[in-house]
Amino acid sequence: MEVRETVHQGRRLLVERPGQFAVTAVAVLLVIDLVRQIVAGQTLISTVAGYVWNGTVIGLIIGLAGIGLSLTYSILNFANFSHGDYLTTGAFSGWTASYLVAGFGTASLGDLLLLNVSPRDIGINVAAEPLSVVFGLLVAIGMTVLVALGIDRFVYKPMRDADGISLLIASIGVALALRYLVVFVYGTNLRGLTAGDVPKFSLTIVDGAITIDAHELTLVVSSVLLMLGIHVLLQRTKFGKAMRAMSDNKDLARVTGIPTERVIQWTWIIGAGLAGSAGYLIALKRGSMGFNLGWVLLLLIFAAVILGGIGSIYGAMIGGVIIGIVRNVSLLWLPTDFSLAAAFLIMILILLFRPEGIFGGVKTA
């Protein structure tokens, strides 16, 4: 009887929701194939664990940046296409500060400011120059916040009552201006940032080991602490309650005496600070950066926010980790060039089951 009922439900799912049926079938087949590869010795469990670890590291950065984008949409109600270039701003300003601290006295001031020195010449990495890395992260946050507040003052504030499309187009213009300002100052060359001799640790996993380096640990710890800080801010403080109230109903928040303009300013401060830190940390992970760093990551950030549920910071966190893990684990079946497509495909497939996103309907919290 139970088997017959299961078959009946399967047929009904196939007829009424063919998309969901196809997604379920593909997911089951992939899991079966992965088990087959492991049993046959074609893939090691440690290899899968390595992909999951690397995906989690990248996913945390995507989620960190996604929180800022989600906050902006929740409070200001527009998709900020310049958010990716806030990451670029944070990366370049932060690493300039790191080079100035780590390389002081080893190269000319101009070369340090323009990142024209080899990282090996100054030996910059988390283990050798931890103070320069921490200082660079703080500068990345501060500089990105200043840039975001300036843009809000001269671009977005005069358009505060404009529709979402006008603000979206304005944000594209801001993105282009920021990107080519970076090009004007630093040029288009890819910058190598960190020395290669980074301390590494091995973690044994059943049939092998995965390698974790000091930069990845720094990235994970920094991301988690920043996310916890945002959680405490939104859930435990009066200001967080004001942000959530404004997200739910801006007009009602204004009538009840909430200083909406101040909330908007703090939304930019928090969102830009998270974006700047994400840009600095992703460059730390990669060991290099270019002028289009944030623009390339922007689509992944949007995918994480949409997957998690627009307006939910927890959704952005979870969505980022899912996107990161899927992109890396897909390398078991796909060439490297197709891993990005796999990340977007998983977003589309999950939205077939839950169109509002994983945390859909939850605003700012």
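Here the structure is a predicted model, which means the values were calculated and not measured.

Colleague: What exactly am I supposed to notice about the nonpolar core here?
Modeller: A general trend in soluble globular proteins is that nonpolar side chains are found buried together. Core analysis: the largest hydrophobic core is formed by 86 residues, its most contacted members being Ile 67, Tyr 156 and Met 289. Looking at this core element by element, the count peaks at 14 residues for helix α3 (residues 45-76). Apart from the residues within four sequence positions on either side, Ile 67 is in contact with Met 227, Ile 230, Leu 274, Ile 313, Ala 316 and Met 317.

Colleague: It is not clear to me how the pairing of strand β3 (residues 208-213) should be interpreted in this structure. Could you clarify?
Modeller: Each regular strand carries side chains that alternate between the two faces of the sheet. Relative to β3, strand β2 (residues 200-205) runs antiparallel, the two being bridged by six bridges. When the sheet's bridge partners are listed, Lys 200 is paired in β3 with Asp 213. Between β2 and β3, which pair antiparallel and follow one another directly, the connecting turn spans two residues, one of which, Val 206, has a positive phi of 50°.

Colleague: Would you explain α3 in this entry?
Modeller: Every α-helical turn comprises 3.6 residues, leaving residues that sit three or four positions apart pointing alike. Between its first and last C-alpha, α3 extends 45 Å over 32 residues, near the 46 Å set by a 1.5 Å rise per residue. Two residues or fewer past α3, Asn 77 is found with a positive phi of approximately 60°.

Colleague: What should I look at first to understand the side chain of Ser 223 in this one?
Modeller: Mapping Ser 223 onto the fold places it in helix α9 (residues 214-236). With a relative accessible area of 0%, Ser 223 lands in the buried category. At 2.8 Å, the side chain of Ser 223 and the backbone oxygen of Leu 219 are in polar contact. For Ser 223, the contacting residues outside a window of four places in its chain are Leu 60, Ile 61, Leu 64 and Leu 281.

Colleague: When you look at the side chain of Glu 216 in this model, what are you seeing that I'm missing?
Modeller: As for its placement among the helices and strands, Glu 216 is situated in helix α9. By relative accessible area, which is 4% here, Glu 216 ends up buried. With near-sequence residues (within four places) excluded, Glu 216 lies in contact with Trp 53, Asn 54, Val 57, Thr 211 and Lys 285.

The rules behind the values
- Residues numbered from 1 in each chain as written.
- Predicted model: local features only at pLDDT ≥ 70, side-chain atom pairs only at ≥ 80, totals over all residues.
- Heavy atoms only, no water.
- Core = buried A, V, L, I, M, F, W, Y, C linked by side-chain atoms within 4.5 Å.
- Buried < 20%, exposed > 50% of the residue type's maximum accessible area, 1.4 Å probe, protein only.
- Helix = DSSP H or I, 4+ residues; strand = E, 2+ residues; numbered from the N terminus.
- Contact = heavy atoms within 4.5 Å.
- Pairing = 2+ DSSP bridges.
- Expected span 1.5 Å × (residues − 1).
- Polar contact = N/O pair within 3.5 Å; in protein donor to acceptor, adjacent residues only side chain to side chain.

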